[in-house]
Amino acid sequence: MPIIRKIMMCIAFSLILAVTSMINFAMAVVEIDITKGNIEPLPIAIADFLGSGKQRGIADDIGRVISSNLKNSGIFKPIDKDAFIQKIKDSNIVPRFEDWRVINAQALVTGRIVRENDGRLKVEYRLWDVFGADEMASQQFFTTPRNWRRIAHIISDAIYKRLTGEKGYFDSRIVYVDETGPKNKRVKRLAIMDQDGANRKILTRGSDLVLTPRFSPSRQEITYMSFEGGQPRVYLLQIETGQREIVGNFPGMTFSPRFSPDGQKVIMSLQIDGNANIYTMDLRSRKTTRLTNTAAIDTGPSYSPDGNRIVFESDRGGRQQLYVMSANGTNTQRISFGNGRYSTPVWSPRGDLVAFTKQSGGKFLIGVMRPDGSKERILTEGFHNEGPTWAPNGRVLMFFRETRGEDGGPRLFSIDLTGYHERLVPTESYASDPAWSPLLD
Amino acid sequence: MISSVELCAEPVTDATKARFVLVLFGALLLAGCATKKLPGNANDLGLNNATPGSQQDFTINVGDRVFFETDSTSLTASSRTTLDKQAQWLLRYPNNPVTIEGHADERGTREYNLALGARRAAATRDYLAVRGVGRERIRTISFGKERPVAVCNDISCWSQNRRAVTLLASPSG
C-alpha cells in the first residue's frame, strides 16, 4: 500500500484551484494554492469511518475531528453528510466517483477502524480524487484506543499536505496562560491544550503570576516567566513530569524567554536598573552570553529558524521598533519603519516572515513583514490584539485579543497568513500568551 | 500630608489619581469633595489613627505612590514632592526595608511593560537615594501591566495604573 504519494507540484500554481479529469496522468489533479489569500474553500466529503462494536463511537469521533480540522483551516468545506448519495460500506472498494461528483465533492475521505487481537486499534484512511477518479493517499496506523484523537489530527495533516503541498499543523498543541478572577486580581496559570482546544490541562497552581510560556522545539519542555517567591525570573518546565528549574543565575529580572531552534539555548531579556538587554543561556554548559548592550529596553528576542539571526524589539531609537541582528549580537539593523510602535516579533518557522504586534492610532494590530522589513501587511486590527505565534507550517497565526473595560479580558484567535479565516479558539476561561508547539512526533 | 483641599483643587495631581486612598477615608470625604466644604485633613476627621511608622501611616500621611505619563519614566513635579515626603519619612524610620513596585497601564505589550515598570521603579529608587535613603535598603520589582488597581476603560483608570508604589515590606509576588 503506498504511503503518501509524492506530491506533484508541476501544475496549478497559477490557478487558485486546479481541477481536471486527467485520469491517466500520474499527477495530482486536485490541488489548492494556499498562498493566494481568500480562496474558495475546497468541497470535500468525509465519509463515516467504518467500525463495529466499541469502535463505532471512535470511528465517528475520528471523522468528526478530521472534518472540524479541515473546516477550521478555512481551506476546506466539508460537505453535509445528508447530501451523500453513496453509503460507503467497504473502504477497500473504489467508491462510485460519479455519486460524489454529483454533490461536487472534489475529494473524498474514507476509512475504517479495526480492533487488533492485542487490543490496539488499526485506523486506515484513503483520500480519493473524485474528478480524477483516483486514490491520492492511503495510510494505516496502529494505536491504543485512548490515542484516537491524535490519529485524527495526523490524518488531517496528511490530507492537508496531500491537497495543498504544505505541511499541516493539526497534530500540535498550544501552551497559553489561563486567566480567571477579576481584572485587578487575575489568577494566571499555565495551560496546555491541543490546537483545536481539546485535552486542556492546567500546568501550574495559580499561586504565582506566570507569563509568556514558549515551547521547546525539540523536547516536551516549556520556558516561561514566573514571579515565584517575589523574584520574577525565567523558568523551564518539563511538561510530563512537572519538574521546574530556574534558567541561569542573573542579578535581576529575566523575562521574555524563547528557545533557540535547536532547543539548546534560551534567549531572554535581563533587566538591570532601567535597561533590558538580551542574553542567551546554553542549557548544557550553563554559559550565559550577553548579546546587546544598550541603555534601552531590548526585549522580545526570536531566532530565525536557521539559528543565524535574531529579531527583537528595542526602544533605543525612542520608541519600540524591530531590529534584526546576527546570532552573536553583531550587525544590528532596524527593520520596522512604519507609523507606530512595533513589538513582540516572532520569526516564521518557514523563515520568510516576521509577525509582530503594532500599536498605531490607539489600536493594536497583528501584522507580518519580511525579515528585511519590506512588504509589511496588517492581518487584523482592533482595540487590543497582541502576541502572535506561528503554526508549525508558518501558514496560520494565533494571538490574543483583549476586550475593554472592567469585565474585559483576553481570548485566543487564529488567523490565516493571508488575513482571512479569523476565528476564536475555544478556551474555558480567558486566555492569553499563546505559543504553538512544533508538529508532534 | 494629603489634604482633601488639594484633592479637590488640583484634579490632575498624583494625590487625586490615588483615588483608592479615599476608600480609607470613607465616603464622607468624597461627599465633602463634591460640595467643596471640607475638613482640613484625615486627622481632623478622626480617621487617621495609623500607628506612626506603619505602612498605613506611610500610605495615608505621606502617599505611597507616584504616577507617570504614558510611556514615560520621568518624575513629575508632583511626584517629586511626594517622593521628598517619602524620603523624609523613610529617614525618620530607618529600619524598614523598602520595596518599590513599578507598574504600567494595559495599553502596551506585555514584555515591554515589564521593562517599563522596572524603569519606573528604578527612577523612583534613584530619586529616593539622592534624597538620602540608602540604595541597599531598597528593592525594586516590576509587575508590568499585570496588577492594575483601576479597571475601567478610560484614560483616568489607565493613568492610575502607571505608577510606582513604595512598600515597607517584601514584594507581594
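Residues numbered from 1 in each chain as written. Chains lettered and ligands numbered in written order. Predicted model: local features only at pLDDT ≥ 70, side-chain atom pairs only at ≥ 80, totals over all residues. Heavy atoms only, no water.

Topic: the interface of chain B and chain A
Quick note on the threshold: Here, residues are in contact when the closest pair of their heavy atoms is within 4.5 Å. Summed over both partners, the accessible surface that disappears when two parts come together, traced with a 1.4 Å probe, is what is meant by buried area. The salt bridge criterion pairs a side-chain nitrogen of Lys or Arg with a carboxyl oxygen of Asp or Glu, the two atoms within 4 Å.
Taken together, the 30 residues of chain B in the interface contact 43 residues of chain A. Together, the buried faces of chain B and chain A total about 2,900 Å²; carbon and sulfur atoms form 55% of this surface. When the buried area of chain B at its contact with chain A is split by residue, B:Arg107, B:Arg110 and B:Glu111 rank highest and sum to 23% of it. At the junction of chain B and chain A, the tally comes to eight salt bridges.

As for the pairing of strand E6 (residues 121-129) of chain A
Residues and elements named next belong to chain A. To keep things clear, this is the line we draw: Exposed residues in this analysis have more than 50% of their type's maximum accessible area, buried residues have under 20%, and partly exposed residues fall in between, with area computed by a 1.4 Å probe over protein chains only. A run of H or I in DSSP counts as a helix once it spans at least four residues, and a run of E counts as a strand once it spans at least two, with each numbered from the N terminus. Two strands form a pair only when DSSP identifies at least two bridges running between them.
Most of E6 is tucked away, with nine of its nine residues classed as buried. As judged from the nine bridges shared by E6 and strand E7 (residues 134-143), these two strands associate in the antiparallel manner. By the bridge assignment for E7, Glu124 is matched with Gln140. Counting the residues in the hairpin turn of E6 and E7 gives four residues, including Ala133, whose phi is positive at 50°.

A look at the domain arrangement of chain A
All names here are of chain A. Formally: For every domain, the bounds stem from an assignment made automatically or drawn from a database. Pairs of N or O atoms within 3.5 Å make up the polar contacts considered here, provided that, within protein, one atom can donate a hydrogen while the other can accept it, and that residues adjacent in sequence are counted only when both atoms are side-chain atoms. Residues are grouped as follows: Ala, Val, Leu, Ile, Met, Phe, Trp, Tyr, Cys and Pro are nonpolar; Asp, Glu, Lys and Arg are charged; all remaining types, including Gly, are polar.
Domain annotation for chain A reports domain 1 (40-164) and domain 2 (173-436). Between the C-alpha centres of domain 1 and domain 2 there is a distance of 36 Å. At the interface, eight residues of domain 1 touch ten residues of domain 2. For the pairing of domain 1 and domain 2, the buried interface totals around 650 Å² over both sides, and the portion due to carbon and sulfur atoms is 39%. Linking domain 1 to domain 2 there are one salt bridge. Summed over the shared surface of domain 1 and domain 2, the result is five residue pairs in polar contact (both at pLDDT 80 or more). When contributions to the side of domain 1 that touches domain 2 are tallied by element, the ones reaching two or more residues are helix H1 (55-72) and helix H3 (148-164). Tallied by class, the residues present in the side of domain 1 that touches domain 2 amount to two nonpolar, five polar and one charged.

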